[in-house]
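Report on the structure
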Amino acid sequence: MKSKYILFFAVSLLAAMSANAQETYENAKLTGEDLNGTARYVGMGGAMEALGADISTIGTNPAGLGLFRHSYISVSGGLLIQANGREFANGNKTNPSFDQIGGVYTTRTGQKSFLNFSFNYHKGKNFDYILNASGALNGSSQNKQSYLKNALGNEGDGGFKVRSNPKANNENIGYVNATSNDPAYTWSQADYLYWNTLIPDVNQGGRAYAYDGQSYDFDRAQTGYISNYDFSVSGNINDRVYLGLTLGLKDVHYKAYSEYVEMWTGDLGGVRYANDQKITGSGFDVTAGVIVRPVAESPFRVGAYVKTPTWYDLTTENYTSINYSLKPGAGGTYSQGYIGNSYDYKIWTPWKFGFSLGHTVGNYLALGASYEYEDYSHINSRINDGGYYDYYYDEYYSSSSPDKKMNTHTKGALKGVGTLKLGVEYKPVTNLALRAGYNFISAAYGSEAQKGTTVPSLGTSYTSTTDYTNWKGTNRVTLGIGYQIQKFNIDLAYQYSAQEGDFYPFSTMRNVSVPTTDPVTGKTTNKIVSNIASGTKVKNDKSQLLLTLGYRF
């Protein structure tokens, strides 16, 4: 094994794949939203889509803004605190957060009718989270996944055929099959690294070997956010029907650094696989809603709303490295290597539909309930496959088409997500409000889902990690308190969110036929090999403290 540090850029592979896309689990992390906004909204569990009169409904049911009778501005911020796990790299378990700023400007159009204009910024997703996982491998390994994909032999069966690249020295490429000169879409960045460092044995003419895993440790620190900038027009008709429409602009900033350390059986050594990733970009969507008071004499109201897909235009960058230590003479070619990549892609999130109920009793009690549904299996991964240049506006516009193979995988791995929100506000005295709320969000991932490492898709080709987590349902409990001082209000909310998941360091591959040559007789037979990843329980429990200052004018 050579100890030379070799730089891998996968030039031949990336040049042949000018179109770009992304895979299921990476896309899913950009879908859905946290419970965030004003402290009043969070304190009531966000169940205000029919009650309205809170700026945070601008992104769920903008008809709620039609209930404002006075102009209003507010600003919110606080702390996000992770309950479990250990700090890693630059990740922190406690982080400050600026969560919301916005306002509503009201205009009267009739005795009981208003037309309102609103703007609101809020942090739709906070990515701050540290994931730690470890477990036994029982002979399976990350490198064996890449080894078995070559044994499959062709892209149609989920694998590839590794051969030396005639256009580059000391470079292996996974091709569509034994005769094709096209890189396989199943050939990922992880496969590239393993097949150009560890798997070929330089002492035996490049003969391929896989190494059995004994145990692993994994850490990932991620930071960032999705910012929502919402512009809305809303109003009411005779204080019976409320309507609202919102244009939402999104700004994505995601950054993560992970390290996977794997030890092999027989004291052969181990590998450290590190990945530094960044996702940036923007998107937009449209939300429309309505609230109706069915009975004129009653404050009871019913709301319904719909949100279009968010049309994202994104860029991802990664710097991925491998570094292993192996007993002298045990195998391998180069002990270290890395690959760096950057590309643009698109995803369209699913449609979201919501229904809500609200009721007030006098001026002292408000009750709210909302249910939302978003089918994650309909996330649309898009391939950037062309475009045109507008010389008049000096702009380039890219075109895209569905990544059919990855979208088929998404339909099997993800499912519809239902969100139940309940909330109550009680005023023991006129200027003091006590609040409580509860949310349940069903699981987005199927229990048997796994990363599509054998899916012949551009999303697979550009994948730089092998791990994934099948997160289960989320429970949230919220509490809040508010105090009114003339035209000013101060509100405080506490939110506790609990979620469990099953972490896997790589995908399972079963019953792969591997040609094996007897070193004594030289006879080759087929051996059935599996690479089974066992899940490790992980948690994402966190608390939020949120403060809002508001002014009515």
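Below: a short report on this structure. None of the values given here were measured: they were computed from a predicted structure.

A look at the overall build of the protein chain
Along the backbone of the protein chain there are 7 helices and 27 strands. The C-alpha radius of gyration computed for the protein chain amounts to 27 Å, which stays within 12% of the reference 24 Å derived for 553 residues, consistent with globular compactness. For the protein chain, the spread of C-alpha atoms along the principal axes amounts to about 95 × 55 × 35 Å. Expressed as a percentage of its 553 residues, the buried residues of the protein chain come to 54%. Long-range pairs, those at least 24 residues apart, make up 73% of the contacts in the protein chain with a sequence separation of at least 6. With 48 positive and 46 negative side-chain charges, the protein chain shows a separation of 4 Å between the mean positions of the two kinds.

Comments concerning helix H4 (residues 142-152)
Summarising burial for H4: 9 of the 11 residues are buried, a large majority. Taken together, the buried positions of H4 are occupied by Gln 142, Asn 143, Lys 144, Gln 145, Ser 146, Tyr 147, Leu 148, Lys 149 and Asn 150. Positive backbone phi, approximately 90°, marks Gly 153, located one or two places after H4.

Examining the environment of Tyr 397
Assignment of secondary structure puts Tyr 397 in strand E19 (residues 395-402). A relative accessible area of 35% places Tyr 397 in the partly exposed class. In this structure, the C-alpha to C-alpha distance between Tyr 397 and Ser 146, residues 251 residues apart in sequence, is 36 Å.

Regarding the environment of Asn 116
In this structure, Asn 116 sits in strand E4 (residues 114-126). A relative accessible area of 0% places Asn 116 in the buried class. Considered as a pair, Asn 116 and Val 233 are 117 residues apart in the sequence and their alpha carbons are 5.8 Å apart. Beyond its immediate chain neighbours, meaning those up to four positions away, Asn 116 contacts Leu 65, Gly 66, Phe 68, Val 104, Tyr 105, Thr 106, Thr 107, Ser 232, Val 233 and Ser 234. A distance of 2.9 Å separates a polar side-chain atom of Asn 116 from the backbone oxygen of Leu 65. Engagement of the side chain of Asn 116 in a polar contact is seen with the backbone oxygen of Phe 68, the distance being 3.4 Å.

A closer look at the pairing of strand E12 (residues 269-292)
Examined bridge by bridge, strand E11 (residues 241-264) and E12 share 23 bridges and lie antiparallel to one another. In the strand pairing of E12, Asp 251 is matched with Ser 282. Hairpin connection between E11 and E12: a loop of 4 residues separates the two successive antiparallel strands, and Gly 266 in this loop has a positive phi of roughly 70°. Here E12 pairs with strand E14 (residues 311-326) via 16 bridges, running antiparallel. Bridging across to E14, Gly 283 finds its partner in Tyr 312. Relative to strand E13 (residues 301-307), E12 runs antiparallel, the two sharing 6 bridges. Pairing of Thr 287 across the sheet is with Lys 307, part of E13.

Overview of unusual backbone geometry
Of note in the backbone geometry, Gln 486 takes a positive phi value of approximately 55° without being a glycine. As for its position among the elements, Gln 486 is in the loop between strand E22 (468-485) and strand E23 (488-504). The class of Gln 486 is exposed, set by a relative accessible area of 72%. Although it is not a glycine, Asn 511 adopts a positive phi angle of roughly 55°. Within the secondary structure, Asn 511 sits in strand E24 (residues 509-517).

Comments concerning the pattern of salt bridges
Throughout the structure, instances matching the rule amount to 19 salt bridges. The partner of Arg 69 in a salt bridge is Asp 239, with the nearest N and O atoms 2.5 Å apart. Of the two residues, Arg 69 sits in the loop between helix H3 (39-43) and strand E2 (72-82) while Asp 239 sits in the loop between strand E10 (213-237) and E11, which places them 170 residues apart along the sequence. Residue Arg 69 is classed as partly exposed on the basis of its relative accessible area of 30%. Notably, a salt bridge pairs Asp 212 with Lys 144, separated by 2.7 Å at the nearest N-O pair. Here the residue Asp 212 occupies a position in the loop between strand E9 (207-208) and E10, and Lys 144 occupies one in helix H4, the gap between them amounting to 68 residues. Using a relative accessible area of 34% as the deciding quantity, one classes Asp 212 as partly exposed. By relative accessible area, Lys 144 is classed as buried at 10%.

Re the packing of aromatic side chains
By the definition in use, this model includes 26 aromatic pairs. With a centroid separation of 5.9 Å and an interplanar angle of 10°, the aromatic rings of Phe 98 and Tyr 121 are classed as stacked. In this pair, Phe 98 is assigned in strand E3 (residues 94-108) and Tyr 121 in strand E4, connecting sequence segments 23 residues apart. Look at Phe 98 and you get partly exposed, because its relative accessible area is 42%. Classification of Tyr 121 as buried rests on a relative accessible area of 10%. A centroid spacing of 4.3 Å and a plane angle of 35° characterise the contact between Tyr 343 and Tyr 462, whose relative ring orientation is tilted. Here the residue Tyr 343 occupies a position in strand E15 (residues 334-348), and Tyr 462 occupies one in the loop between helix H7 (458-461) and E22, the gap between them amounting to 119 residues.

Remarks on a nonpolar patch on the surface
On the surface, a cluster of nonpolar side chains totalling about 1,000 Å² of accessible area is made up of Tyr 364, Tyr 426, Leu 434, Ile 481, Tyr 483, Ile 485, Phe 488, Ile 490, Leu 492, Leu 547 and Leu 549. Its place among the elements puts Tyr 483 in strand E22. We classify Tyr 483 as partly exposed; its relative accessible area is 39%.

Notes on the side chain of Thr 287
Assignment of secondary structure puts Thr 287 in strand E12. The class of Thr 287 is buried, set by a relative accessible area of 1%. Here the side chain of Thr 287 touches Lys 307 through a polar contact of 2.7 Å, side chain to side chain. Beyond its immediate sequence surroundings of up to four residues, Thr 287 is in contact with Gly 59, Thr 60, Pro 62, Gly 244, Leu 245, Thr 246, Val 306 and Lys 307.

A word on the side chain of Glu 372
Structurally, Glu 372 is set in strand E17 (residues 365-375). For Glu 372, a relative accessible area of 7% gives the class buried. A polar side-chain atom of Glu 372 sits 3.0 Å from a polar atom in the side chain of Tyr 305. Here Lys 421 takes part through its side chain, which lies 3.2 Å from a polar atom of the side chain of Glu 372. Excluding residues that lie within four positions of it along the chain, Glu 372 makes contacts with Glu 49, Thr 60, Tyr 305, Lys 352, Phe 353, Gly 354, Val 417, Gly 418, Thr 419 and Lys 421.

Reading the values: the criteria
- Residues numbered from 1 in each chain as written.
- Predicted model: local features only at pLDDT ≥ 70, side-chain atom pairs only at ≥ 80, totals over all residues.
- Heavy atoms only, no water.
- Helix = DSSP H or I, 4+ residues; strand = E, 2+ residues; numbered from the N terminus.
- Rg over C-alpha atoms; globule rule 2.2 N^0.38 Å.
- Buried < 20%, exposed > 50% of the residue type's maximum accessible area, 1.4 Å probe, protein only.
- Contact = heavy atoms within 4.5 Å.
- Lys, Arg positive; Asp, Glu negative; His and termini not counted.
- Charge placed at Lys NZ, Arg CZ, Asp CG, Glu CD.
- Polar contact = N/O pair within 3.5 Å; in protein donor to acceptor, adjacent residues only side chain to side chain.
- Pairing = 2+ DSSP bridges.
- Salt bridge = Lys/Arg side-chain N within 4 Å of Asp/Glu carboxyl O.
- Phe/Tyr/Trp six-rings, centres within 6.5 Å; stacked < 30°, edge-to-face > 60°.
- Patch = residues over 30% accessible without salt bridge, like charges linked within 9 Å, V, L, I, M, F, W, Y side chains within 5 Å.
- Areas by Shrake-Rupley, 256 points an atom, 1.4 Å probe, with all protein chains shown as cover.

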